[in-house]
Amino acid sequence: MATAIIIALLAITHSGIAHYTKFPEGFTFGVATASHQIEGAWNVSGKSENVWDRLTHSRPWMIADGTNGDIACDSYNKYQEDVDHLAYLGVDFYRFSLSWARILPTGRVDHVNPDGIRYYNALLDALAEKNIEPLVTLFHWDLPQSLQDLGGWANPKMIDYFRDYSDVCFREFGDRIKSWITINEPYEICEDAYGDDKKAPAIDSHGVGNYLCSDNLLKAHAEVYHLYNDTYRPQQNGRIMISINSIWYEPSDPEDAEQVALAEVANQFKFGWFAHPIFTEEGGYPAVMVENVAQQSQAEGLPKSRLEQFDDYWIERIKGTSDFLGINHYTTHLVTGPGVDPIAKSPSWLKDIGAVTTMNVGGDSASEWLRVVPTGFANLLRWCKSSYNDAPIYITENGFSDRGDLDDYGRIQYLNDYLSALLHVIYEDDVKVLGYTLWTLMDNFEWRAGFSERFGLYYVDITDPERLRTPKLSADYYKQLIAARELPEDDRFKNPAHIDRSEL
Ligand code: NOJ
């Protein structure tokens, strides 16, 4: 480690803070996408309707710019070109997701769609040609509508459906896919789609549906882990994890003990909701979550809590079911004090936290929620190390939105500052981060924001039937970074107007 530190330590900044630029030996880099956001071909070759098709077609006004995923980036047809761009960037791995409705049109295993299998085989072959490892997400939000009609993640039967679907994927693709992610961002699914109307299927059963969803989703995740572990791992020798997202919460005033305590509660409600059951020795939902929801439920006159702790069987069954801690991280928000957040519905997850939060922090991006706070990333990683037993970590998403600038200095600065923060905690705090995934290869269908918020290294012209992809300056930044395994110091990537490396 000492030699690594000497090699990595390039300079001490004016603020006296060590500035690391070099990535450790063996650290890997990738980019991510998700099926519904890029594939298009929404009703082609046997694919059935998913919950996002249903939402965008039946309530188009819910999407900021009225776009949808019908064609998206047309990656169903242009996957070979996408792989060429990945090869140009020089990534070690490509994270993408499988469309459940393309593989199993009814959602169940009664019919496996041969064209769905063919498509992903072709993509996997194209990646193998270029020596790019696949990192594959089984579920990135595009649930077959037929399963939603049965209640979706609020239905305990989903545990079987998800296991059966995953079984098909392991069987068909597991000889070539050695890294799996079961579920992407369970918080966004349970809170935004079941506890609110921010994501499809927009159930908005606040304070109730969100907790039903987490019960089923965590059990389903665990069953898929055990299926892989017991049945497939012995032959396929791969690894499997879950990707949990955080908006990291910090106290608005770090000297205020009450705010500090409330920020911890908020982090337990946000990240701990899904991480605590899997990554702690104790297992189950975080105690503070169980207590708060029980108290709120009692105050609401309910005979029992809206969130019940798992029983002993499930606590044990869920514990330890992830080989790595997959973290999707973009931003930090602040906790300003106790109380009910003015935007909280009643009852709701947000009201259950009992804290008031604000997004008034850091620099801005094209997304209201995405504030640029690299120090928050460092603090989140330190917290994960101490809260989750030093679990080995993959950053499975991180990125920045703008309106589609080709000279995207904002993105380059964001990446540079967040990656500096990452290097800092790797070397100074010994946080075990093994790889980094940038969101995203190309501008794509950003859910309810449509194409109005763009996160890509490549610009995608959605008015062009060919969906022309044009590399942005950040594509060259990332390419150079990967080739050298070091943060580029090239003047091309410095916008003299606003270079300001944050303090860690
Ligand atoms: C998280 C999600 O996994 C991805 O689908 C989304 O586009 C990015 N964050 C940016 O919001």
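All figures in this text were calculated on a predicted structure; none of them were measured in a lab.

**Things to note about the site of the ligand**
Surveying the vicinity of the ligand reveals 13 residues, the closest of which are Gln-37, His-140, Asn-184, Glu-397 and Glu-446. A distance of 2.8 Å separates an oxygen atom of the ligand from a polar atom in the side chain of Gln-37. Protein chains bury 96% of the 290 Å² of accessible surface belonging to the ligand in isolation. Structurally, the ligand is housed in the largest pocket. Counted by class, the shell around the ligand contains six nonpolar, four polar and three charged residues.

**Here we look at the nonpolar core**
Core analysis: the biggest nonpolar cluster contains 154 residues, and Leu-98, Trp-153, Trp-180 and Leu-422 have the highest contact counts within it. Filtering out sequence-adjacent residues up to four positions away, Trp-153 remains in contact with Phe-139, Leu-143, Met-158, Phe-162, Ile-183, Ile-189, Tyr-194, Leu-212, Cys-213, Asn-216, Leu-217 and Ala-220. Membership of the second largest hydrophobic core comes to six residues, among which are Phe-93, Leu-135, Met-241 and Tyr-394.

**Some words on helix H17 (residues 473–484)**
At 3.6 residues per turn, the α-helix brings residues three or four places apart onto the same side. Under the 1.5 Å per step criterion, the end-to-end length of H17 is 17 Å for twelve residues, consistent within 8% with the ideal 16 Å. Where H17 is buried, its residues touch strand E3 (28–32), helix H4 (75–89), helix H16 (409–428), strand E11 (433–439), strand E12 (458–460) and strand E13 (469–471). Downstream of H17 by one or two residues, Arg-485 has phi in the positive range, about 55°.

**As for the pairing of strand E6 (residues 179–184)**
The two faces of a sheet get side chains in turn, since along a regular strand they alternate between them. Across the six residues that make up E6, a large majority, six, are buried. Here strand E5 (residues 133–139) pairs with E6 via four bridges, running parallel. Bridging across to E6, Val-136 finds its partner in Trp-180. The pairing of E6 with strand E7 (residues 239–251) spans four bridges and is classified as parallel.

**Some remarks on the layout of surface pockets**
The space that makes up the largest pocket amounts to roughly 1,200 Å³. Taken together, 44 residues form the lining of the largest pocket, with Glu-188, Asp-192, Lys-198, Ile-247 and Trp-369 sitting closest to its centre. Counting residues per element, the ones that place at least two in the lining of the largest pocket are helix H9 (186–194), E7, strand E8 (325–338), helix H14 (349–353) and strand E9 (355–358). Class assignment for the residues of the lining of the largest pocket results in 17 nonpolar, twelve polar and 15 charged.

**Looking at unusual backbone geometry**
In this structure, Pro-201 follows Ala-200 across a cis peptide bond, with omega equal to 10°. Take Pro-201: it is sitting in the loop between H9 and helix H10 (209–236). One non-glycine residue, Trp-141, adopts positive backbone phi at about 85°. If you trace the backbone, Trp-141 turns up in the loop between E5 and helix H7 (145–148).

**Describing the environment of Ala-378**
Take Ala-378: it is sitting in helix H15 (residues 374–387). We classify Ala-378 as buried; its relative accessible area is 0%. Apart from residues lying up to four places away in sequence, Ala-378 is in contact with Ala-421 and Val-425.

**A closer look at the state of the cysteines**
Counted under the stated rule, the structure contains one disulfide. The disulfide partner of Cys-190 is Cys-213, and the S-S distance across this bridge is 2.1 Å. The sign of the -65° torsion about the S-S bond sets the Cys-190-Cys-213 disulfide as left-handed. Of this pair, Cys-190 sits in helix H9 while Cys-213 sits in helix H10, and the two are 23 residues apart along the sequence. Across the pair, exposure class does not vary: Cys-190 and Cys-213 are buried alike. Cys-384 takes part in no disulfide bond, and the closest cysteine sulfur to it belongs to Cys-190, at a distance of 19 Å.

**Quick look at the UniProt feature "active site" (unreviewed entry) in the protein**
Feature annotation in UniProt places "active site" (unreviewed entry) on Glu-397, given in this structure's numbering. Along the chain, Glu-397 turns up in strand E10 (residues 393–397). For Glu-397, a relative accessible area of 4% translates into the label buried. Glu-397 has contacts with Arg-95, His-140, Asn-184, Glu-185, Ile-327, Asn-328, His-329, Tyr-330, Thr-437 and Trp-439, leaving out every residue within four places of it along the chain.

Each value, and the rule that gives it
- Residues numbered from 1 in each chain as written.
- Predicted model: local features only at pLDDT ≥ 70, side-chain atom pairs only at ≥ 80, totals over all residues.
- Heavy atoms only, no water.
- Near = heavy atom within 4 Å.
- Polar contact = N/O pair within 3.5 Å; in protein donor to acceptor, adjacent residues only side chain to side chain.
- Areas by Shrake-Rupley, 256 points an atom, 1.4 Å probe, with all protein chains shown as cover.
- 1 Å grid on protein atoms, 1.4 Å probe; cavity = no way out; pocket = protein on both sides within 12 Å on 5 of 7 lines; lining within 4 Å.
- Sits in = over half its atoms within 2 Å of the grid points.
- Nonpolar A, V, L, I, M, F, W, Y, C, P; charged D, E, K, R; others polar.
- Core = buried A, V, L, I, M, F, W, Y, C linked by side-chain atoms within 4.5 Å.
- Buried < 20%, exposed > 50% of the residue type's maximum accessible area, 1.4 Å probe, protein only.
- Contact = heavy atoms within 4.5 Å.
- Helix = DSSP H or I, 4+ residues; strand = E, 2+ residues; numbered from the N terminus.
- Expected span 1.5 Å × (residues − 1).
- Pairing = 2+ DSSP bridges.
- Points joined across faces, edges and corners; volume = space filled by probe spheres on them.
- Disulfide = S-S within 2.5 Å.
- UniProt positions renumbered as here; feature names shortened; annotations may be inferred.

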